[in-house]
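Topology and contacts: notes
Take a look at the letters that make up each chain.
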Amino acid sequence: MSINPLVPPRNLGFLLFFGAVLTMLHSCGSPASASLSKLDPLIEMSKGPCYGRCPVFTLTIYENGIASYKGERYTDRLGTFVRKLEKSEMERILGEFDRANFWQFRDSYRGRIPDMQSVTISYHQNGKKKTVTGKEIRPNAVKWLESQLDQIAQREGWILKEAPEEQVPDFLIPDQLLVELGEETDPEEWAKKYTQTDMTFLRSLNDTGYWIFSYDDETITPDQMLEQVRNDEEVISAEFNKKIYENLEEEEESEESSPTKEAAPASDAGTQSKGKSNTPKSGKQQ
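Keep in mind it's a predicted model, so treat the numbers as computed, not measured.

A word on the side chain of Gln117. By the element assignment, Gln117 lies in the loop between strand S5 (108–109) and strand S6 (119–125). Given the relative accessible area of 13%, Gln117 is considered buried. Polar contacts involving the side chain of Gln117 include one to the main-chain carbonyl oxygen of Gly48, which spans 2.7 Å. Here Pro55 takes part through its backbone oxygen, which lies 2.9 Å from a polar atom of the side chain of Gln117. Setting aside anything within four residues of it in sequence, one finds Gln117 in contact with Lys47, Gly48, Pro49, Cys50, Cys54, Pro55, Gly134 and Lys135.

See below:
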């Protein structure tokens, strides 16, 4: 049997077609190369902190099937990760939102346990957005949607897009803690328990029962220090000190040192008393 060198082998056409498909797929780029800010979000779920080690993250699913996962605390994936959802995944989660009739629920559900994790779910459809926020008290259908989104978040295949930022919010003082101690606990004696972190008692917060302590955040990270203090048996609650508390302290000191003034008109009295009403009733983070 002779072979005509001018006629390509039968399999060559298939190989050329297969190579063209691979080239086309490669040119589309990976999810990691996508610009998330230019994509339209379809579903979002954010989970906030709690009293413990709840994973804090935000999951976003975009209309083109790309999903992003931004892990902030207590999760194996810290930073921003992306992956392409399979067609079956997209169809399933969209079907779940349709069956739940997400638009029927209230925007917010008040919980009874302050330290429970807050979960916010948003759904975009036909140019409109519906958001439902709550803690332990939410409709079962909303909790079911949360579980389905958790399954997507926990699947494998995520690609790191952006490393986590080592930043503390501007309004926090990361090397200071605001601590509510038991009535019989002396703050100066209590601080001695943490000499390895140079814990120092600074002052009370406006006679509210809360005490401000500083520590060396170079010997222990702020999150580790906060968690360690919160697990202390003598501690009722604890959080990072905030700049607003410092401002309140300075304002009260200024008022005490200023000359006595005539009583303000009734219309102004409410405005002047607002500064003190901002004093926190609970030291726990929400």
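Anyway, onward from the coordinates.
On to the nonpolar core, then. Of all hydrophobic cores here, the largest spans 27 residues; its most connected members are Ile43, Ile61, Phe97, Phe102, Ile121 and Leu149. Mapped onto this core, the elements with two or more residues apiece are strand S1 (41–47), strand S2 (56–62), strand S3 (66–73), helix H2 (87–100), S6 and helix H3 (140–154). When residues of this core are assigned to their parent elements, the largest contribution, five residues, is made by H3. In this structure Phe102 touches Phe97, Ile121, Tyr123, Lys130, Val132 and Leu145, once residues within four positions along its chain are discounted. In terms of nonpolar packing, the next biggest core, distinct from the first, is built from 17 residues, Leu172, Trp190, Val229 and Val235 among them.

Turning to the sheet that holds S1, a few remarks are in order. Across the sheet, eight strands lie side by side as S5-S7-S6-S1-S2-S3-S4-S8; this open sheet has mixed pairing. Single-partner strands in this sheet number two, and they are S5 and strand S8 (159–162). Lying on the sheet, H3 is in contact with S1, S2, S3, strand S4 (79–84), S6 and strand S7 (128–134); it crosses S2 at an angle near 90 degrees.

Quick look at the packing of aromatic side chains now. This structure, assessed with the given rule, holds 11 aromatic pairs. Ring centres of Trp190 and Tyr194 lie 5.1 Å apart, and the angle between their planes is 55 degrees; on these two criteria the pair is classed as tilted. We classify Trp190 as buried; its relative accessible area is 2%. In textbook terms, an aromatic cluster arises when at least three aromatic residues are bridged by ring pairs, as seen for Phe97, Phe102, Trp103, Phe105 and Tyr123.

Detailed reading of the predicted model is not advised wherever pLDDT is low. Looking at the protein, pLDDT values average 78 and 71% of them are 70 or higher. Considering each helix and strand of the protein separately, the mean pLDDT is smallest for helix H7 (residues 266–277), with a value of 36, and largest for H3, with 95. Taken as a whole, residues 5–9 scores under 50 in pLDDT and shows zero contacts with residues more than four places along the chain or in a different chain. For residues 14–28, every residue scores under 50 in pLDDT, and the model assigns this stretch zero contacts once sequence neighbours within four places are set aside.

With that settled, the discussion passes to the side chain of Glu146. Inspection of the secondary structure puts Glu146 in helix H3. Given a relative accessible area of 11%, Glu146 falls into the buried group. Setting aside residues no more than four positions away along its own chain, Glu146 makes contact with Met45, Lys47, Val119, Ile121 and Arg138.

Here we take up unusual backbone geometry. Within the chain, Asn126 stands out as a residue other than glycine whose phi angle is a positive 55 degrees. The class of Asn126 is exposed, set by a relative accessible area of 75%. Of note, Asp198 is a non-glycine position whose phi angle comes to about 60 degrees, a positive value. The class of Asp198 is partly exposed, set by a relative accessible area of 46%.

The next subject is the sheet that holds strand S10 (residues 200–204). In spatial order, the strands read S10-S11-S9-S12; together these four strands make up an open sheet with antiparallel pairing. In this open sheet, the two edge strands, each paired with only one partner strand, are S10 and strand S12 (235–242). Along the sheet, successive strands turn relative to each other by an average axial angle of 35 degrees, direction set aside. As paired strands, strand S9 (residues 172–181) and S12 are joined by seven bridges and run antiparallel to one another. The residue bridging Ile173 from the neighbouring strand is Asn241, located in S12. Packing against the sheet, helix H5 (residues 222–230) makes contact with S9 and S12, and its axis sits at approximately 155 degrees to S12.

The rules behind each value
Residues numbered from 1 in each chain as written. Predicted model: local features only at pLDDT ≥ 70, side-chain atom pairs only at ≥ 80, totals over all residues. Heavy atoms only, no water. Helix = DSSP H or I, 4+ residues; strand = E, 2+ residues; numbered from the N terminus. Buried < 20%, exposed > 50% of the residue type's maximum accessible area, 1.4 Å probe, protein only. Polar contact = N/O pair within 3.5 Å; in protein donor to acceptor, adjacent residues only side chain to side chain. Contact = heavy atoms within 4.5 Å. Core = buried A, V, L, I, M, F, W, Y, C linked by side-chain atoms within 4.5 Å. Pairing = 2+ DSSP bridges. Axes fitted to C-alpha atoms, helices over the stretch in contact; angles between N-to-C directions. Phe/Tyr/Trp six-rings, centres within 6.5 Å; stacked < 30°, edge-to-face > 60°. pLDDT = per-residue confidence, 0-100.

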